[in-house]
Structure formats: C-alpha cells, structure tokens
Amino acid sequence: MATLRFESSHLVKTSHGQVRRTESDALRLQFGANSCTLRPDELRAFEQSLTQLAANVYHLDAPCRWQVRVRTACDQPVWVLDSTEVLQLHDLLDGAVTMLELDDILQEAAIARP
C-alpha cells in the first residue's frame, strides 16, 4: 500500500503551540516553554489523560495551577500549567489526535500503484 506524505511537517498548529512530525515519524509537541517528543500512541494516551483534567477545569471554573505529568521522554516530565493553559493544551492535543485519525483513514484509503 502506498504511503501518503504531506508537504508540511505540522500536524496541527495554534497560537499556543504545535505538533509536528519529525523525520523519524515521531511527534514533536511544543506548548509554550514546554516540549517533548512522543510516539503517536503516546500522544493519544496523553490527550486521553488530559481530557478528564480539562473536564474538571471546565467544571471548577476557577483560576488554579495544575501539574500535568507527561509519560514519555520530555525535557520536563511534569508541566505546571494554569487553568487556561490546560484547556489550550487539551485543544491542541485534541486537534493532533483528530489529524492522526484522519491520516489513518487516508492511509487505509490509499491506492497502491505499481
């Protein structure tokens, strides 16, 4: 099956951060001063773990500081974020996971050519 390659290495980019593919097909997450490199499955797991925290932040609706543990080789394994940053990071990761799912769909639909 043919492998699709897109011209941009950016999977998703917002004013708060970005997720881009590296040459080794890992994903480089940059959010503010924080950054780390994750495999696609690690990024999905990170987004899932942050979903519950983001729901609590929405529900609490108060300015707080949160410790977010990144379970991979990162520059900093624990990020300290305020409530707004938690929501912004969740949006960024949610967008990245959506783009990974779209990429999977496109890969499955690709027609191999001799």
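This text follows the structure it describes.
Just so it is clear, the model here is predicted, and its values are computed rather than measured.

Caption draft 1: Broad picture of the sheet that holds strand S4 (residues 34-38). Ordered by their spatial adjacency, 4 strands build an open sheet running S1-S2-S3-S4, and the pairing between neighbours is antiparallel. Only two strands of the sheet have a single partner each, and these edge strands are strand S1 (10-13) and S4. Across the sheet, the axes of successive neighbouring strands diverge by a mean angle of 10 degrees, strand direction being ignored. Pairing geometry for strand S2 (residues 17-21) and strand S3 (residues 27-31), over 5 bridges, is antiparallel. Bridge pairing in S3 links Arg21 to Leu27. Running over the sheet, helix H1 (residues 40-60) touches S2, S3 and S4 and is turned about 130 degrees from S4. Sitting on the sheet, helix H2 (residues 83-109) is in contact with S1, S2 and S3, with an inclination near 155 degrees to S3.

Caption draft 2: The arrangement of the pairing of strand S5 (residues 65-69) in detail. Residues Trp66 and Val68 line the buried face of S5, whereas the alternating positions Arg65, Gln67 and Arg69 sit on a face that is not buried. Here S5 runs beside strand S6 (residues 78-82); their pairing, made up of 5 bridges, is antiparallel. Opposite Gln67, over in S6, you have Val80 as the bridge partner.

Caption draft 3: Local environment of the layout of surface pockets. Its volume calculated, the second largest pocket comes out at about 220 Å³. Lining the second largest pocket we find 13 residues, and of these Ala45, Phe46, Ser49, Arg69 and Arg71 sit closest to its centre. Those elements that provide at least two residues to the lining of the second largest pocket are H1 and S5. For the lining of the second largest pocket, the element with the highest residue contribution is H1, accounting for 6 residues. Considering only residue class, the lining of the second largest pocket consists of 7 nonpolar, 3 polar and 3 charged.

Procedures and definitions
Every chain is numbered on its own, with residues counted from 1 as its sequence reads. For this predicted model, a pLDDT threshold of at least 70 governs which residues receive local features, and a threshold of 80 or more governs which side-chain atom pairs are given and counted, while totals over whole chains, interfaces and linings are taken from all residues. In computing side-chain values, all of the structure's heavy atoms are included and hydrogens and water are not. DSSP-based pairing: two strands are paired if at least 2 bridges between them are found. Here a helix means four or more residues in a row that DSSP labels H or I, a strand means two or more in a row labelled E, and each is numbered from the N terminus. Between N-to-C directions, angles span 0 to 180 degrees; the directions come from axes that are lines fitted to C-alpha atoms, helices contributing only their stretch in contact. Here a residue-residue contact requires only that any non-hydrogen atoms of the pair lie within 4.5 Å. When a residue's accessible area, from a 1.4 Å probe over protein chains only, is under 20% of the maximum for its type it is buried; when over 50% it is exposed; and in between it is partly exposed. Cavities and pockets were defined on a 1 Å grid built from protein atoms only: a cavity is a group of points that admits a 1.4 Å probe but offers it no way out, a pocket is an open group of points flanked by protein on both sides within 12 Å along at least five of seven lines, and a lining residue is one with an atom within 4 Å of any such point. Grid points are joined across faces, edges and corners, and a volume is the space filled by probe spheres set on the points. When residues are grouped by polarity, Ala, Val, Leu, Ile, Met, Phe, Trp, Tyr, Cys and Pro land in nonpolar, Asp, Glu, Lys and Arg in charged, and all others, Gly among them, in polar.

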